[in-house]
Amino acid sequence: MAEDVSLDEFLHDDESAEAPAEDSTGSEPTSDDGTATDRGESDDIEPATTTYAWSGDGAACAACGTVVERRWQQDGSLVCSACKEW
Ligand SMILES: [Zn+2]
């Protein structure tokens, strides 16, 4: 199969290209970047302790789309005061 051959070549190239990079950067995997991106969003919100989020420029309500400065956590989404079930 031609596909098998090209796939094998691709994997082989990838491995040989990765090896020196791992040596120079130590043990910082790509997952570190993903965590940092996630953290950037959740840091402001802190779902466990904070019930609302403040956005100075305004942000869209997850339920109705209205742009508001303050949104409250509800079922894992951020909604405006009108949509929040108190
Ligand atoms: Zn709303």
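Residues numbered from 1 in each chain as written. Predicted model: local features only at pLDDT ≥ 70, side-chain atom pairs only at ≥ 80, totals over all residues. Heavy atoms only, no water.

(A) Structural context of the environment of Cys61. Inspection of the secondary structure puts Cys61 in the loop between β1 (52-60) and β2 (67-74). Overall, the relative accessible area of 5% leaves Cys61 in the buried class. For the pair formed by Cys61 and Ser77, sequence separation is 16 residues and the distance between their alpha carbons is 8.5 Å. For Cys61, the residues in contact, after removing those within four places along its chain, are Thr66, Arg71, Leu78, Val79, Cys80 and Cys83. (Helix = DSSP H or I, 4+ residues; strand = E, 2+ residues; numbered from the N terminus. Buried < 20%, exposed > 50% of the residue type's maximum accessible area, 1.4 Å probe, protein only. Contact = heavy atoms within 4.5 Å.)

(B) Region of the structure containing unusual backbone geometry. Its identity is not glycine, yet Asp75 carries a phi of approximately 55 degrees, on the positive side. Relative to the helices and strands, Asp75 resides in the loop between β2 and β3 (77-79). With a relative accessible area of 80%, Asp75 lands in the exposed category.

(C) Looking closely at the coordination of the zinc ion. At the metal site, the zinc ion is ligated by Cys61 (SG), Cys64 (SG), Cys80 (SG) and Cys83 (SG), and these contacts range over 2.2 to 2.3 Å. Considering all four donor atoms around the zinc ion, angles at the metal cover 104 to 115 degrees and the coordination shape is tetrahedral. Counting the intervening residues between successive donors of the zinc ion yields the motif C-x2-C-x15-C-x2-C. One end of the pair, Cys64, is in the loop between β1 and β2; the other, Cys83, is in the segment after β3, and 19 residues separate them in sequence. Residue Cys64 is classed as partly exposed on the basis of its relative accessible area of 43%. Residue Cys83 is classed as partly exposed on the basis of its relative accessible area, which comes to 22%. (Donors = N, O, S within 2.8 Å, 3.2 Å for Na, K, Ca; no water. Tetrahedral: all angles 85-135°; square planar, octahedral: opposite > 155°, others 65-115°.)

(D) Fine view of the sheet that holds β1. With antiparallel pairing, three strands are arranged side by side in an open sheet as β1-β2-β3. In this open sheet, the two strands that pair with only one neighbour each are β1 and β3. This sheet shows a mean twist of 40 degrees between the axes of neighbouring strands, independent of strand direction. Relative to β2, β1 is paired through five bridges, and the arrangement is antiparallel. Its bridge partner lying in β2, Trp54 is registered against Arg70. (Pairing = 2+ DSSP bridges. Axes fitted to C-alpha atoms, helices over the stretch in contact; angles between N-to-C directions.)

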